[in-house]
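Each chain, letter by letter, is given below.
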Amino acid sequence: MIVSHCAADVRAAEAAVLAALPDGALMDRAAAALATACTQELRRSTGGVYGRSAVLLTGAGDNGGDALLAGALLARRGVRVLALTTAERAHARGTAALLAAGGGVRPYGRDGAEHCLAADLLVDGIAGLGGRGGLRAPLDVLPARLAAAGRAGRGRPVVVAVDLPSGVDADTGAVDGPVLPADRTVTFGTAKPGLLLPPACTRTGRLDVVDIGLGAHLPAPAAVRVEEADVALRWRRPTAGDDKYSRGVVGVVAGGADYTGAALLAVEGAVRAGAGMVRYLGPQHPTELVRQRRPEVVPGPGRVQAWVLGPGVDPDDAEQGRRVREALESGEPAVVDAGALPALPRRSDPTRVLTPHAGELARLLSARGREVERAAVEADPVGHARAAAELTGATVLLKGATTVVVGCDGVVRTAASAPAWLGTAGAGDVLAGILGAVLAARAEDVQAEPELAATLAADAAVVHGWAASLASASGPVAALDVAEAVPAALTSLPGWHEADAAAW
Ligand SMILES: NC(=O)C1=CN([C@@H]2O[C@H](COP(=O)(O)OP(=O)(O)OC[C@H]3O[C@@H](n4cnc5c(N)ncnc54)[C@H](O)[C@@H]3O)[C@@H](O)[C@H]2O)[C@@H](O)CC1
Ligand SMILES: Nc1ncnc2c1ncn2[C@@H]1O[C@H](COP(=O)(O)OP(=O)(O)O)[C@@H](O)[C@H]1O
Ligand SMILES: [K+]
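Residues numbered from 1 in each chain as written. Chains lettered and ligands numbered in written order. Predicted model: local features only at pLDDT ≥ 70, side-chain atom pairs only at ≥ 80, totals over all residues.

The protein goes by Bifunctional NAD(P)H-hydrate repair enzyme in an unreviewed UniProt entry, where it is assigned to Kineococcus xinjiangensis. UniProt lists a comment for the protein under the heading Subunit (unreviewed entry), and it reads "Homotetramer." (UniProt positions renumbered as here; feature names shortened; annotations may be inferred.)

Printed below as a string of structure tokens:
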């Protein structure tokens, strides 16, 4: 898991650590780690370090100071280092260190972009925690120039961001103007939400979190990235004492006379994610299809531990609509997807996990008096997911390249294990099925501790994305293939077998 904290929490932790350290010690730790990452990137993109060229973009603050101090270390390793200052002031100790090590310092000026493009390495120390808004002129055109020049090491320098890609909002992940995208970001003490949250997170590149001793002084995280190894530890496995009921029965209300495929996909997701039993509730035609493909599915009503409601359900389908409403009234944990979202009562609780994509979330908010367009949701996914969680009382899982989950504990969870190939019809139905199986397996725990639903929702999204990576193998993938890959995805999660051994 990668944890992140807002700027105010980082600054407070920094103040506590600084009180016990000599002047400059914290920046020196940061700069040493930054220089190491820079030499690795130089070696990777050019085959060496000595004689290579680096340009440092340095603002007036400590972010620029980190870059200058790291630049001094690089210069001592034989790198030709030039700092281009982007503000009227520059960090005094960092500037002196770079000059003493043989580097150069001058204003960014008119030819700044040409210097940047000609370098092997570009270190972005324009702004970090103190950044406000997107990059300003003359730096605003630099991201487009770099993008047009090609790939790292082939036409353009490799870009290493200090703490954050400049122009990204550290706390929210908002992108309000041009941002310098990084190939690698070296962040200090803890990650920042803006490095993990969409839309900014696509600019982070490879992320290094450098321990500079803030840990003991940091509060609960603001946002976390759930990783495969976290899921391996938490995934509930059956024991000798389990039977099909105790492992969790999933009730699926999906599909209808027209959309039969969604019924199959949701059922397949639940079966493959290890449900003890799946009951399917729907009209005769999809019921027959489900039975043909998955004879183990039980048709018709009965006791369930968790529901999957809505994939492929037409909101005007009276019969399926009645089943959705009855399930929502039953009190069991539920995945509320697609056609079931309009049936959600005005207030729910966190054991109901809504799984909209951006368009569905926009409709849900608009129907509740918060008129909003899909594009606005995409520009601020976390803000809108949070608004929906507050308005409905439910847990909200907003699907996207980076999926975000907002529950009732205030922490934003993210899953980013999916390849872009997963953006294919029916993939969301499979996720709903997987999540239904996860909720059913832990139904009692979720009832006792509703905030657990958000953790489980993020786990399901990670497995869904991991299964997609496996099934896709860097190529096209169909939704049904994703469901079929779930068992293999689970057993290939890093740490799965170690966690299994520990259980015995
Ligand atoms: N807080 C901590 O625990 C630590 C902080 N360190 C560094 O200190 C940084 C914070 O330093 P500061 O508070 O001095 O602030 P910054 O250096 O992040 O930002 C201030 C500078 O950025 C400029 N700026 C702001 N927004 C801009 C924009 N959109 N475009 C162009 N320029 C912009 C400002 O005019 C100013 O020159 C961190 O990001 C990190 O790099 C590290 O040295 C280690 C420890
Ligand atoms: N660019 C992308 N990269 C990775 N995953 C994506 C991307 N676009 C969409 N996805 C994922 O694909 C799935 C699509 O679900 P959804 O929009 O509900 O489609 P459908 O309704 O056809 O099933 C979601 O899990 C989403 O997170
Ligand atoms: K930066």
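1. Here's the deal with the overall build of the protein
Counting its regular elements, the protein contains 20 helices and 20 strands. Radius of gyration (C-alpha) of the protein: 25 Å, near the 23 Å computed for a compact globule of 504 residues. In terms of overall dimensions, the protein has a C-alpha envelope of 80 × 50 × 40 Å along the principal axes. Buried residues in the protein amount to 55% of all 504 residues. Across the protein, every contact between residues at least 6 apart in sequence was considered, and the portion connecting residues at least 24 apart equals 72%. (Helix = DSSP H or I, 4+ residues; strand = E, 2+ residues; numbered from the N terminus. Rg over C-alpha atoms; globule rule 2.2 N^0.38 Å. Buried ≥ 20, exposed ≤ 12 C-beta atoms within 10 Å, placed from the backbone. Contact = placed C-beta atoms within 7 Å.)

2. Points about helix α1 (residues 7–18)
In a regular helix each residue adds 1.5 Å, so 12 residues correspond to 16 Å; α1 covers 16 Å between its end C-alpha atoms and thus fits that length. Considered for burial, the residues of α1 that qualify are Asp9, Val10 and Ala13. The buried residues of α1 occupy an angular sector of 100° when the element is viewed end-on, so they sit on one face. When the buried face of α1 is taken as reference, the exposed residues oriented beyond 90 degrees from it are Ala8, Arg11 and Ala15. (Expected span 1.5 Å × (residues − 1). Arc of directions from axis to C-beta.)

3. Concerning the packing of helix α9 (residues 260–272) against helix α15 (residues 427–441)
For the pair α9 and α15, the least separation of the axes is 6 Å and the interaxial angle reads 40°. Here α9 and α15 pass one another in a crossing that is right-handed. For the pair formed by α9 and α15, the contact residues are Ala262, Leu265, Ala266, Val267, Glu268, Gly269 and Ala270 on the first element and Asp429, Val430, Leu431, Ala432, Gly433, Ile434, Gly436 and Ala437 on the second. (Axes fitted to C-alpha atoms, helices over the stretch in contact; angles between N-to-C directions. Left-handed = near helix turned anticlockwise from the far one by under 90°.)

4. Focus on the site of ligand 2
Residues in contact with ligand 2 amount to 16 residues; listed here are only the nearest, Lys399, Ala401, Gly423, Ala427 and Gly428. Counting residues per element, the shell around ligand 2 draws most heavily on α15, at four residues. Of the residues contributing to the shell around ligand 2, the split by class is seven nonpolar, seven polar and two charged. (Near = placed C-beta within 6 Å. Nonpolar A, V, L, I, M, F, W, Y, C, P; charged D, E, K, R; others polar.)

5. A closer look at the sheet that holds strand β17 (residues 352–354)
Overall, mixed pairing links the 11 strands, which are arranged β1-β11-β20-β19-β18-β17-β16-β15-β12-β13-β14 in an open sheet. Looking at strand neighbours, the two that pair on one side only are β1 (2–4) and β14 (298–299), the edges of this open sheet. As judged from the two bridges shared by β17 and strand β18 (residues 395–398), these two strands associate in the parallel manner. Its bridge partner lying in β18, Leu354 is registered against Val396. Contacts from α15 reach β12 (249–253), β15 (306–309), β16 (334–336) and β17, with the element oriented near 165° to β15. (Pairing = 2+ DSSP bridges.)

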